[in-house]
Amino acid sequence: MKKIIALVIALTLLFSLCSCAKTGEKESPASNQNSQTELPVTDAQQTQSPEVSTETTARQSHQEYVETYFIYAESGAVVTWFDSLTGEFTYKWKCETCGTTQNGETSGNRLTANGSSLDTGFTCTNPNCVMWGKSQRSIIKCSVTGEWIEVFD
């Protein structure tokens, strides 16, 4: 009698496992009691809901040394613009005696080495200045700093 009961239980268990495998559901009877009925999703609902990607994008990074250029006038000039990334600059000559600056700007060379300079000469254009028509010196210098930064690809 015990063998028959064990056989009936085994067959019932086997039958329930086979029926779950056929439908693709592997829920226990306890979880069936708590499950909710799902409604079919329409095409309109699918287009309105945003898709969530489970892929992760690996961002790689590396270190780069970046130099910053500071262009300044030591004497006889006024720096009107400079690019701290390239070392390019523009300037005006300025008389150290009367303060007169030239009318237009002069485009300077690129100064990219620490301590490098542009040494030029000019004459004052103010007829009331004691330095009018006399040669003066203009010195523009470059100061370079640098740092390592992390750059993402």
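All values reported here derive from a predicted model rather than from experimental measurement.

Draft legend 1. Structural detail: the sheet that holds strand 3 (residues 89-93). Reading across the sheet, the three strands line up as 2-3-4 and stay open at both edges, with antiparallel pairing between neighbours. Each end of this open sheet is capped by a strand with a single partner; those strands are strand 2 (77-82) and strand 4 (106-107). Sheet analysis places strand 2 next to strand 3, joined by five bridges and oriented antiparallel. Bridged to valine 79 within strand 3 is tyrosine 91.

Draft legend 2. Spotlight on the environment of glutamate 150. Relative to the elements of secondary structure, glutamate 150 occurs in strand 6 (residues 135-152). For glutamate 150, a relative accessible area of 46% puts it in the partly exposed group. Separated by 88 residues in sequence, glutamate 150 and histidine 62 place their C-alpha atoms 5.7 Å apart. In this structure, glutamate 150 is in contact with Ser61, His62 and Gln63, ignoring residues within four places of it in sequence.

Draft legend 3. Region of interest: the pairing of strand 6. Bridge count for strand 1 (residues 61-75) against strand 6 is 14 bridges, and the pairing is antiparallel. Counterpart to tyrosine 72 in the pairing with strand 6 is lysine 141. One ladder, built from seven bridges, connects strand 5 (residues 117-123) with strand 6; its direction is antiparallel. Its bridge partner lying in strand 6, leucine 118 is registered against isoleucine 140.

Draft legend 4. Examining the sheet that holds strand 1 more closely. As summarised here, the arrangement of the three strands in space is 1-6-5, forming an open sheet in which the pairing is antiparallel. Each of the sheet's edge strands pairs with one partner strand only, and the pair in question is strand 1 and strand 5. Here the average twist between neighbouring strands, direction ignored, is 20°.

Draft legend 5. Fine view of the environment of aspartate 153. Mapped onto the secondary structure, aspartate 153 falls in the segment after strand 6. Not counting residues up to four positions away in its chain, the partners in contact with aspartate 153 are Gln60 and His62.

Criteria and thresholds
- Think of each chain on its own: its residues are numbered from 1, step by step along the sequence as written.
- Selection of residues for local features in this predicted model requires a pLDDT of at least 70, selection of side-chain atom pairs for listing and counting requires 80 or more, and totals for whole chains, interfaces and linings are taken over all residues.
- Side-chain measures here rest on the full set of heavy atoms in the structure, leaving out hydrogens and waters.
- A pair of strands is labelled paired if DSSP reports no fewer than 2 bridges between them.
- A run of DSSP states H or I qualifies as a helix once it reaches four residues; a run of E qualifies as a strand once it reaches two. Both are numbered from the N-terminal end.
- Classification of residues uses two cut-offs on accessible area relative to the type maximum, computed with a 1.4 Å probe and protein chains only: under 20% is buried, over 50% is exposed, and between them is partly exposed.
- Throughout, a contact is declared for two residues whenever any of their heavy atoms are within 4.5 Å.
- In this analysis, axes come from line fits to C-alpha atoms, helices being fitted only over the stretch in contact, and the angle between any two N-to-C directions falls in the range 0 to 180 degrees.

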